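Per-entry structural report
Take a look at the letters that make up each chain.
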There are 2 protein chains.
Amino acid sequence: MRRAVAGQGTARSPRQGRPTLEEVAERAGVSRATVSRVVNGQTTVAEDLRRAVEAAAAELGYVPHAAARSLVTHRTDSVALILPESPNRVFSDDQFFPSVIRGVAGELDAAGKLLVLLTTGSAEARSRAERYAVGGHVDGVMFASLHDADLLPELMLRRGVPVVCNGLPHLSAPCIDVDHESGVEAAVRYLLAQGRRRIATVAGPQDMVAGRTRLDAYRQTLAEADRRAIIAVGDFTAESGHAGMRQLLADEPEIDAVFVASDLMAHGALQALREAGRRVPEDVAVVGFDDIALASYCDPPLTTVRQPIAEIGRSMARTMLRLLDGLEVEPLTILPTELVVRESA
Amino acid sequence: MRRAVAGQGTARSPRQGRPTLEEVAERAGVSRATVSRVVNGQTTVAEDLRRAVEAAAAELGYVPHAAARSLVTHRTDSVALILPESPNRVFSDDQFFPSVIRGVAGELDAAGKLLVLLTTGSAEARSRAERYAVGGHVDGVMFASLHDADLLPELMLRRGVPVVCNGLPHLSAPCIDVDHESGVEAAVRYLLAQGRRRIATVAGPQDMVAGRTRLDAYRQTLAEADRRAIIAVGDFTAESGHAGMRQLLADEPEIDAVFVASDLMAHGALQALREAGRRVPEDVAVVGFDDIALASYCDPPLTTVRQPIAEIGRSMARTMLRLLDGLEVEPLTILPTELVVRESA
């Protein structure tokens, strides 16, 4: 016997704890099994029964326990974006990760998916993120700006978690990256065309594709012009750019230009040049890489290689959505870079 | 019959998909039910059987499906921090949310919990976050800087999700906030003591405790000194501070000081004063609220009311950890504020 579904106006006092499936069944006047079948999205339930269950569930504020539902559907309608650095680094003066997040968020939002942000700056944090993703709390995982030694993407892939990455093109997962080589080549050729002769670099971390590839392209372009490489290595932070620039000035006081492999490092390098009494660009020309907002309000505004950071995020999210829909995806997407000339070179 | 557990050195090729419970049972030489009991943390399993299952699970890289496990334990060892604004606002030039995140992350990390970051800047996003939290994918939810009309904390409370909040002291959940009144009173008294006579304010959003309380304290302190309130209202963004300052200058050209209810708004107000040819602090003294990093590199560096933003995050996380452990918690924690004098006033 089904009872009529009570109207929306029925008074109901706030209560603690989730309404149970049994309460929904009682309110709808159907069996527990029928509620279970509706909740689990089975299509074999008669239309009027389904409507009665949905009305009762809405009235009681019942949301099926995802743990129970996901045993059937294995879907959470959420996707994780992993930022493989410490929270102190991601949520400070960095502007790369926030741009990636905005790009990812826009696409997932449009697709009705929840974005779950996680940071994995330590072995313990990686292990917690692994258990969470492998445990079925998200439908897939995207990684921004990976380090070579990070095993997390591979571990998740092996356990059947859909993965999209940025920074590890050798992985058997779709990868979104940018054309580092063309950007760096344009930067170094521009400095050569300006008559600069001793062009140094503050390179990025050598355990990352972005760090290695930019250094290789710098070397290669200088070698083609019969020029010698002058190298310091940083880790993409402002502090390391400052230290790298000081080291270059100590090693080779006669340098007249520097390609710095990230804008945040370039910001630190500009400070070191100011402290050393070198004028930019008169004494030393400076070119960065990224074109984050900081680049345009540096003093002087920074000539830099623009990479489409938000588009990396958008592209990762679109690729993930296709993976989740079982559609074909490009194994490797390379986005363009371009030189943006301002006042520092 | 139990078989010996194979050694760690056994070669095993990478595989797609999660190892199943059946595979663990076969490897350990025990029944599926025994594996299930071990995985679900039941204490009735003989010690040698439990060891065999754990060894087999470790060897195969088996992680129990959290959906299955959480039906028993209802724990995910993760806690959500909800930032109730759009990703474009949270991940841009804002420095409040990043500080809260760093504070929360430090405490959760030390406790071995995963921090899950969610933004809820739209009705759809709130609805997705609600389903996710109510569905058991996190053990509890913290809210930073809530708006009055946000029903999400109440909805989650009703469904049994542990909640800690910042910004809604009337909620039946522990709340962490700061002493807005004392900070604003110190700021306005300081301006009065400097001989300022026409002290305006750019207030924060009036649908938030932080916006209303700071405006009330400004009014109250001026009234005690027999001074008139001169008010514009912003929404804590730099743009709204710029617009609010322009409006104040148009309404009352003779103002000689302004208390701006957030540093980001103060940054916009400084720009509007520059554009109007007013010198700071000579013509117009400016005091902000927050003491984010921006305050010290504003031009001129900003006199402001410091609130311990990272400590809000740490305190929220500590309170959540106590809630999850079933310990008593303070219903309301009020952190101190103090005036920091720099050059703008």
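Residues numbered from 1 in each chain as written. Chains lettered and ligands numbered in written order. Predicted model: local features only at pLDDT ≥ 70, side-chain atom pairs only at ≥ 80, totals over all residues. Heavy atoms only, no water.

Let's talk about the overall build of chain A
The following threshold applies: Counting from the N terminus, the helices are DSSP H or I runs at least four residues long and the strands are E runs at least two residues long. Relative accessible area decides the class of each residue, using a 1.4 Å probe on protein chains only: under 20% of the type maximum gives buried, over 50% gives exposed, and in between gives partly exposed. Note on areas: these come from Shrake-Rupley sampling with a 1.4 Å probe, and a residue is covered only by the protein chains present in the view.
On a plain count of helices and strands, chain A comes out with 14 helices and 12 strands. For chain A, the proportion of its 345 residues judged to be buried stands at 55%. Summed over all atoms, the accessible surface of chain A reaches about 14400 Å², with 49% contributed by carbon and sulfur.

A short note on the confidence of the model for chain A
To be explicit about the condition: pLDDT is defined as a per-residue confidence score from the predictor, taking values between 0 and 100. Should any heavy atoms of two residues lie within 4.5 Å, those residues are considered in contact.
On average, chain A scores 88 in pLDDT, and the residues at 70 or more come to 88%. Under a pLDDT of 50 for its full length, residues 1-16 of chain A has, in the predicted model, 26 contacts with residues more than four places off or in other chains.

Section: the domain arrangement of chain A
All names here are of chain A. How we decide: Marked domain ranges trace back to an automatic or database domain assignment. A 1.4 Å probe defines the accessible area here, and the buried area is the portion of it lost by two parts on being joined, summed over both. Salt bridges, as used here, are contacts in which a Lys or Arg side-chain nitrogen is within 4 Å of a carboxyl oxygen on Asp or Glu. Between N or O atoms, a polar contact is any pair within 3.5 Å; within protein, one atom must be a potential hydrogen donor and the other a potential acceptor, and residues adjacent in sequence are included only when both atoms are from side chains. In this classification, the charged set is Asp, Glu, Lys and Arg, the nonpolar set is Ala, Val, Leu, Ile, Met, Phe, Trp, Tyr, Cys and Pro, and all remaining amino acids, among them Gly, are polar.
According to the domain assignment, chain A consists of domain 1 (21-73), domain 2 (78-178 + 310-334) and domain 3 (180-307). Counting residues at the interface gives 14 residues for domain 2 and 16 residues for domain 3. Contact between domain 2 and domain 3 buries roughly 1200 Å² in total, counting both sides, with carbon and sulfur atoms accounting for 49%. Counting the surface domain 2 buries against domain 3, the share from its top three residues, Gln 95, Asp 148 and Val 178, is 42%. Applying the counting rule to domain 2 against domain 3 returns 1 salt bridge. Here domain 2 is connected to domain 3 by 9 residue pairs in polar contact (both at pLDDT 80 or more). Among the residues forming the side of domain 2 that touches domain 3, the class breakdown is 5 nonpolar, 4 polar and 5 charged.

Some details on the sheet that holds strand β6 (residues 199-203) of chain A
Residue and element names in this part refer to chain A. Selection rule: In short, DSSP must find at least two bridges between two strands for them to pair. An axis is simply a line fitted to the C-alpha atoms; with a helix, the fit covers only the stretch in contact. Between two such axes, the angle follows the N-to-C directions and lies from 0 to 180 degrees.
Taking strand neighbours across the sheet as the criterion, the 6 strands line up as β7-β6-β8-β9-β10-β12 in an open arrangement whose pairing is mixed. Both edges of this open sheet fall to β7 (230-233) and β12 (338-340), since each of them pairs with a single strand only. Shown here is a sheet whose adjacent strand axes are inclined to one another by a mean of 20°, direction ignored. Bridge count between β6 and β7: 4 bridges; the pairing is parallel.

Concerning the nonpolar core
Counted only if it meets this: Definition of nonpolar core: a set of buried residues of the types Ala, Val, Leu, Ile, Met, Phe, Trp, Tyr and Cys, connected through side-chain atoms within 4.5 Å.
In terms of nonpolar packing, the biggest core is built from 152 residues, with A:Leu81, A:Met142, A:Val286, B:Leu81, B:Met142 and B:Val286 touching the most fellow members. For A:Leu81, the residues in contact, after removing those within four places along its chain, are A:Val100, A:Ile101, A:Val104, A:Leu115, A:Val116, A:Leu117, A:Leu118, A:Met142, A:Ala144 and A:Met316. In terms of nonpolar packing, the next biggest core, distinct from the first, is built from 46 residues, A:Leu118, B:Val116, B:Val138 and B:Ala173 among them.

Here's the deal with the layout of surface pockets
Our working rule: In this analysis, the protein atoms alone were mapped onto a 1 Å grid. Cavities are point sets where a 1.4 Å probe fits without being able to get out; pockets are open sets with protein on both sides within 12 Å along at least five of seven lines; lining residues have an atom within 4 Å of a point. Grid points are joined across faces, edges and corners, and a volume is the space filled by probe spheres set on the points.
Taken as a whole, the largest pocket spans an internal volume of roughly 1200 Å³. If you trace the largest pocket, you find 40 residues lining it, with A:Gln95, A:Leu294, A:Tyr297, B:Gln95 and B:Tyr297 closest to the centre. Elements that contribute at least two residues to the lining of the largest pocket include exactly α6 (96-110), α12 (263-275) and α13 (293-297) of chain A together with α6 (96-110), α12 (263-275) and α13 (293-297) of chain B. When the residues that make up the lining of the largest pocket are grouped by side-chain class, the tally is 21 nonpolar, 8 polar and 11 charged.

With respect to the pairing of strand β1 (residues 78-83) of chain B
Residues and elements named next belong to chain B. Buried residues dominate β1, accounting for 6 of its 6 residues. Across the two faces of β1 the burial is the same, with Ser 78, Ala 80 and Ile 82 and Val 79, Leu 81 and Leu 83 all buried. Of the pairings in the sheet, the one linking β1 to strand β2 (residues 114-119) comprises 6 bridges and is parallel in character. Looking at the pairing, Ile 82 lines up with Leu 118 of β2. Bridge analysis of β1 against strand β3 (residues 141-143) gives 3 bridges, and the strand direction is parallel. The residue bridging Ile 82 from the neighbouring strand is Phe 143, located in β3.

Section: the sheet that holds strand β9 (residues 285-290) of chain B
All names here are of chain B. Read across the sheet, 6 strands follow the order β7-β6-β8-β9-β10-β12 without closing on themselves; strand pairing throughout is mixed. If you trace the sheet from one side to the other, it starts and ends with β7 (230-233) and β12 (338-340), each paired once. Shown here is a sheet whose adjacent strand axes are inclined to one another by a mean of 20°, direction ignored. Looking at chain direction, β9 and strand β10 (residues 303-306) are connected through 4 bridges and run parallel. By the bridge assignment for β10, Val 287 is matched with Thr 303. Strands in contact with helix α11 (residues 238-251) are β6 (199-203), β7 and β8 (257-260); relative to β6, the strand with the most contacts, it is inclined by about 145°.

What to know about the environment of A:Cys165
Residues and elements named next belong to chain A. Residue placement: Cys 165 occurs in strand β4 (residues 163-165). Taking C-alpha positions, Cys 165 is 7.8 Å from Pro 153, a pair spaced 12 residues apart along the chain. With sequence-adjacent residues up to four places away left out, Cys 165 is seen in contact with Phe 143, Leu 146, Leu 171, Pro 174, Cys 175, Ile 176 and Met 316.

Some words on the pattern of salt bridges
Applying the stated criterion across every chain yields a total of 38 salt bridges over all chains. One salt bridge in this structure joins A:Glu130 and A:Arg159, with 3.0 Å as the shortest N-O distance. Placement of the pair is A:Glu130 in helix α7 (residues 123-134) and A:Arg159 in the loop between α8 (152-158) and β4, with a sequence separation of 29 residues. Residues B:Asp283 and B:Arg279 are paired through a salt bridge, measuring 2.9 Å at the closest nitrogen-oxygen approach. Residue class for B:Asp283 comes out partly exposed when judged on its relative accessible area of 26%. One continuous salt-bridge network, built from bridges that share partners, spans A:Glu107, A:Glu311, A:Arg314 and A:Arg318.

Things to note about unusual backbone geometry
Residue A:Pro300 is bonded to the preceding A:Asp299 through a cis peptide linkage, with omega at -5°. Position of A:Pro300 relative to the elements: it lies in the loop between α13 and β10 (303-306). Here B:Val280 and B:Pro281 are connected by a cis peptide whose omega angle stands at 10°. With respect to the helices and strands, B:Pro281 occurs in the loop between α12 and β9. The backbone of A:Phe236 shows a phi angle near 80°, a positive value even though the residue is not glycine. For A:Phe236, a relative accessible area of 14% corresponds to the buried category. Phi at B:Asp291 is positive, roughly 60°, even though this residue is not glycine. Examined against the element boundaries, B:Asp291 turns out to sit in the loop between β9 and α13.

Things to note about α11(B)
All names here are of chain B. Formally: Multiplying 1.5 Å by the residue count of a helix minus one yields the expected span of that helix.
The first and last C-alpha atoms of α11 sit 20 Å apart over 14 residues, in line with the 20 Å expected at 1.5 Å per residue. Within the sequence span of α11, burial applies to Ala 238, Ser 240, Gly 241, His 242, Gly 244, Met 245, Leu 248 and Leu 249. If you follow the buried residues of α11, they end up packed against β6, β7, β8 and α12.

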